[in-house]
Structure formats: structure tokens, C-alpha cells
2 protein chains.
Amino acid sequence: MLDASISKYKTLYKADAIFHQGTESSCIYAIRSGAVRTYTTAKNGDQQTLGFHLPGDILGLNGLDNKIHSCSGVTLATSTICEIPIKTLHMLCIKMPGLQRQLLRVLGEEISKDYTMLLMLARCNADQKLAIFFTNLSERFGKRGFSTREFELTMTRSEIANYLGLADETISRLIARFKDKKLIQVQRKSIKIIAKQRMIEIAEGECTLDEV
Amino acid sequence: MLDASISKYKTLYKADAIFHQGTESSCIYAIRSGAVRTYTTAKNGDQQTLGFHLPGDILGLNGLDNKIHSCSGVTLATSTICEIPIKTLHMLCIKMPGLQRQLLRVLGEEISKDYTMLLMLARCNADQKLAIFFTNLSERFGKRGFSTREFELTMTRSEIANYLGLADETISRLIARFKDKKLIQVQRKSIKIIAKQRMIEIAEGECTLDEV
DNA sequence: CGCGTGCTTGATCCCAATCAAGACATGTGG
DNA sequence: CCACATGTCTTGATTGGGATCAAGCACGCG
């Protein structure tokens, strides 16, 4: 929607920071290509990954009122990012009456997503968490026209672990078990989902991993 | 901010539903008095409490674009709720140019709050969670002009447990330990915080409960 | 080639869940 | 006013899922 109006692209390389928690938020960021991880940092320094973001996603929306970024964003691979100054955005909103509502909608969707995430962290066991992770990722790749069955992970095991509130070793073990149970094929970062339906059942707690 | 413009109040009694997840969201809700619990429900039926809300809080903002409620709200006690139709809200936005930005700001704050909650659920142990819970509640009472040291819990132990991603029994045990360690005084639902600073230290992981 | 980072695997431990029972408060109908 | 039911909370005993500790492995890169 914004593409036509703005075209300030920026190429970033793996592990480059896009924006930092605590700094003034002057832009929102649209991912054009690549992948991004967002995370919050607690006072004591430990961080929680909030999400992995793909092309088409918009970041930094929650600091819209010229406020402060409540999370940080970092690239997981070479990426092109489109920066849209919030000032520009506000001006555009005047020109395009529908835009402001769209922003409200996107923010609302972000909140819904957070709710789902809260539910997952609080109520799901490790098996479910990983199944949910793979299922979501697969779905999101699909929406972008990529294969839902085969994809490359851009993030490390450790980052997945952090995202799901688990230990690194647990992720390793789980991936191994998913492989043993013929739910997926794995080769380092490349994942092939074999038993999609089963995966969904595990994600939703309808069956357990060792029942498979 | 909206008070002047609208005055459709409604009195609800304990355990009354205000809005339901999955239904069309036609209103936002401002709490005038009482207390409200919001929660999401998963497909399999289990629910996750998202927050406990006090007078002055606004609920239902995330369905602004005439969409669907992504959580449910239920009163914890007799409450007066002010309903503001989203249509009215959109009209008001045209009259009052600052309002739309305010809405964006409130939504942004909600997202920041969710991030904090994600971090808590994923990274904190049970002691920290309860300390965070008490500290936050205390702070929020303070902002509303009530005592930060003494207050009544409107929710059950079980609801606290659900909110923090713990078992009911764990909450009972923790409250007992907090009492033993002279951090709080308890009498059923009435809480008095004795060692505020210690509580904060525990919340932030700077010290453990049995060091106290 | 050698080093470092990321990943895997094994052994052990511990925090919080679960199971179980009882205590206390509140409400309800006789 | 009491007997009883019900929901809430507490406390104890036991279990178990995932964390932690500790090596070793595999790949990529200078």
C-alpha cells in the first residue's frame, strides 16, 4: 500500500541492527527481502525473541506516536529494508483517508498475534511449541508464494529456543524426535515437512509426540 | 478524554461477560469502576488470562477496524462500564484531530505491555512471576490514587495462576512463602506489601526468595 | 589446516506440575 | 439456625518435563 509513495531502500547484511529498543522511533520499517528477528531486552540484560519476520512484514508500528521503540530489530540474513519516516506516514494519512484505519488494523493484528503467543508460552509443552513454530512458519511461507513443505531456517537453534522459551538443547532434541517420528526431514537448516496434518494435531494438543 | 462526549454507562455484576472472543467488535469499553479480567481461548478450549484491568483502562481497542474481538472480557466484581461504539469513535476522530493519534499511542502501549508479558512468561521463574504481579498491581493502584501498600485482590488464586502460567497450588505455596519471608501480610484476598524494595529485587531477578 | 561457532547427545538435577486430602468460607434450603 | 453442599484455598507427597552441566561432533571460514 505504501510502496508507491516511498522508495528509500536500504541493504543490510546479516546481524545488522535495524532499530534499537529504547531509542526514539522515527521510522517504521517494511521488509522487502531477507529476514528479521525482533526481541525485547529486560533490565537484567536477558532477551526474549518476539518474532521472526519475513518480506512484507512491517516493523516498528508500536512506536507510532513519536515515541520509543519497545523492541529491537536485527537482520538474520542480507535484507533490504524500506524505511518510512513517521512524519511522512502522518502526512500520508491526511492524503489517504483509508491509511490511518489500515494502521489501526495492522496494530490490532499485532496484538492478536501477541495474544496467541502468550497462550502458547503459558500453556503449551515443548512438543507443541515446536510444532506450532513449524506450522506457523510454513503457513507464512505459503502466503508469500513459497513452498509450505520445504524451507530454509534463517535463524539458529538457539534463537528458536529463545523464541519458544526453551533451552537450546531441548530444541536439538525435539528436532531429532520430530525427525525420528517421520514428521520432518532435516538437514541442518533445511526443513521438509512430511506429515503436515500430524504436526497440526500435535500443535493443537490433539495428540502427543510419542503417540505418533 | 472521551468522558465528555459519551455517557452510556452500564452496570454489570460479578462474572458478567462484557464481550466475547470471536464476536464482531462494535464497541470499545472503558472501565469506570470495578475490575475486569480479559482472556483468550484456544481451539482446545483452554484459556489464558491476558490481564486484570482497573478503572480508567480501555478494552477492546484491538478490534478497531470493525473486526473481531480477539479476547473476551469478564467482570471480577460489580463494575460500571462505559461502551463507546466504534462508529462514534471514528466520527469523533474526525472532529478531534488528536484523538486518532491517541488511539495509536494507546495501542502501542498495549503492544509494549504484551512484550513485557511475553518476556515474563518465557524467562521468569515462579518467584519472579509472583513478585512482578504484586509489584505491577501495586503500581497500578498507586496511579489511580489508591494505596500501593495495601489492597484487595479481586481475582482468585486460580486466576492469578492462569495469568502467570503456573498451577493453582504453586500460587498458594508462593504466597505462603512470601508471607514467611515477611515480604507481605496476607489475609485471604487482602494483601499488604511490607518489603517493597525486596519484592522489586526478586521481580528483577537480583536476588532469590530464599536469600531473603 | 586449525579454529570457532553452532549443533548434537548423554547424564543428572531441580522446579513446578500433578495427585490427593483436608480446611475454611460462603451460600442454600429445610 | 443448622446441616449440607460448593467453591476456594492450603498443605503434603510424589512425579516428571525440561534445564543444566558436560563432552564431543560437524561444518564453514580465515
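The shown structure was predicted, so the numbers you read here are calculated from the model rather than taken from an experiment.

### Observations concerning the relation of the copies chain A and chain B
Okay, step 1: Least-squares fitting of chain A to chain B yields an RMSD of 0.0 Å, with the transformation described by 0.0 Å of translation along the axis and a rotation of 180 degrees. With respect to symmetry, the two chain copies, as superposed, fit the operation of a two-fold axis.
Okay, step 2: Comparing interface residues between copies, 100% of those in chain A also lie at the interface in chain B; the contact surface is shared.

### A word on the packing of helix H3 (residues 126-143) of chain A against helix H6 (residues 196-203) of chain A
All names here are of chain A.
Okay, step 1: At a closest axis distance of 8 Å, the pairing of H3 and H6 adopts a crossing angle of 130 degrees. Comparing their axes, H6 and H3 come out oblique. Considering the relative orientation of H3 and H6, their crossing is left-handed. Facing Asp 127, Gln 128, Ala 131, Ile 132, Phe 134 and Thr 135 of H3, the residues of H6 in contact are Met 199, Ile 200, Ile 202 and Ala 203.
Okay, step 2: Of the residues that constitute the contact of H3 with H6, the class distribution is seven nonpolar, two polar and one charged.

### Some remarks on unusual backbone geometry
Negative phi values dominate among residues other than glycine, just as trans dominates among peptide bonds.
Okay, step 1: Look at Lys 182 of chain A: it is not a glycine, yet its phi comes out positive at around 60 degrees.
Okay, step 2: Relative to the helices and strands, Lys 182 of chain A resides in the loop between helix H5 (168-180) and strand E10 (184-187).

### A few points about the packing of helix H2 (residues 97-123) of chain A against helix H2 (residues 97-123) of chain B
Okay, step 1: Contact geometry for H2 of chain A and H2 of chain B: axes closest at 10 Å, N-to-C directions at 15 degrees. By the angle between their directions, the pair H2 of chain A and H2 of chain B is classed as roughly parallel. Remark: the crossing between H2 of chain A and H2 of chain B carries left-handed chirality. Contacts between H2 of chain A and H2 of chain B involve Gln 100, Leu 104, Leu 107, Glu 110, Ile 111, Asp 114, Tyr 115, Met 117, Leu 118, Leu 121 and Ala 122 of chain A from the former and Gln 100, Leu 104, Leu 107, Glu 110, Ile 111, Asp 114, Tyr 115, Met 117, Leu 118, Leu 121 and Ala 122 of chain B from the latter.
Okay, step 2: Across the contact of H2 of chain A with H2 of chain B, the residue classes tally to 16 nonpolar, two polar and four charged.

### Focus: the nonpolar core
Nonpolar side chains in soluble globular proteins generally cluster together in the buried interior.
Okay, step 1: In terms of nonpolar packing, the biggest core is built from 134 residues, with Phe 133 and Phe 134 of chain A together with Phe 133 and Phe 134 of chain B touching the most fellow members.
Okay, step 2: With residues up to four places along the chain from it excluded, the contact list for Phe 134 of chain B reads Phe 151, Leu 153, Ile 175, Phe 178, Ile 184, Ile 191, Ile 193 and Met 199 of chain B.

### Quick notes on the environment of Tyr 115 of chain B
Okay, step 1: Its location among the elements puts Tyr 115 of chain B in helix H2.
Okay, step 2: For Tyr 115 of chain B, a relative accessible area of 7% puts it in the buried group.
Okay, step 3: When the C-alpha positions of Tyr 115 of chain B and Ala 161 of chain B are compared, they lie 19 Å apart, and in sequence the two are 46 residues distant.
Okay, step 4: Contact partners of Tyr 115 of chain B, with chain neighbours within four places excluded, come to Thr 40, Leu 50, Asn 62, Ser 70, Cys 71, Glu 110 and Asp 114 of chain A.

### Considering the protein's contact with DNA strand D
Okay, step 1: For DNA strand D, the set of nearby residues contains 17 residues, the closest of which are Ala 126, Thr 170 and Arg 173 of chain A together with Ser 172 and Arg 173 of chain B.
Okay, step 2: Restricting attention to atoms of DNA strand D within 4 Å of the protein, one finds that 56% of them are sugar or phosphate atoms.
Okay, step 3: Contact distances for DNA strand D include 3.0 Å between a base nitrogen and a side-chain N or O atom of Glu 169 of chain A.
Okay, step 4: Taking Arg 173 of chain A, its side chain carries an N or O atom lying 2.8 Å from a base oxygen of DNA strand D.

### Some remarks on the pairing of strand E3 (residues 27-33) of chain A
All names here are of chain A.
Okay, step 1: Extensive coverage of E3 is indicated by the burial of five of its seven residues.
Okay, step 2: Where E3 and strand E6 (residues 58-59) come together, two bridges link them in antiparallel fashion. Of the residues in E6, the one forming a bridge with Tyr 29 is Leu 59.

Scoring rules and cut-offs
Residues numbered from 1 in each chain as written. Chains lettered and ligands numbered in written order. Predicted model: local features only at pLDDT ≥ 70, side-chain atom pairs only at ≥ 80, totals over all residues. Heavy atoms only, no water. Least-squares fit on C-alpha atoms with pLDDT ≥ 70 in both. Contact = heavy atoms within 4.5 Å. Axes fitted to C-alpha atoms, helices over the stretch in contact; angles between N-to-C directions. Helix = DSSP H or I, 4+ residues; strand = E, 2+ residues; numbered from the N terminus. Parallel < 35°, antiparallel > 145°, perpendicular 65-115°, else oblique. Left-handed = near helix turned anticlockwise from the far one by under 90°. Nonpolar A, V, L, I, M, F, W, Y, C, P; charged D, E, K, R; others polar. Core = buried A, V, L, I, M, F, W, Y, C linked by side-chain atoms within 4.5 Å. Buried < 20%, exposed > 50% of the residue type's maximum accessible area, 1.4 Å probe, protein only. Near = heavy atom within 4 Å. Polar contact = N/O pair within 3.5 Å; in protein donor to acceptor, adjacent residues only side chain to side chain. Pairing = 2+ DSSP bridges.

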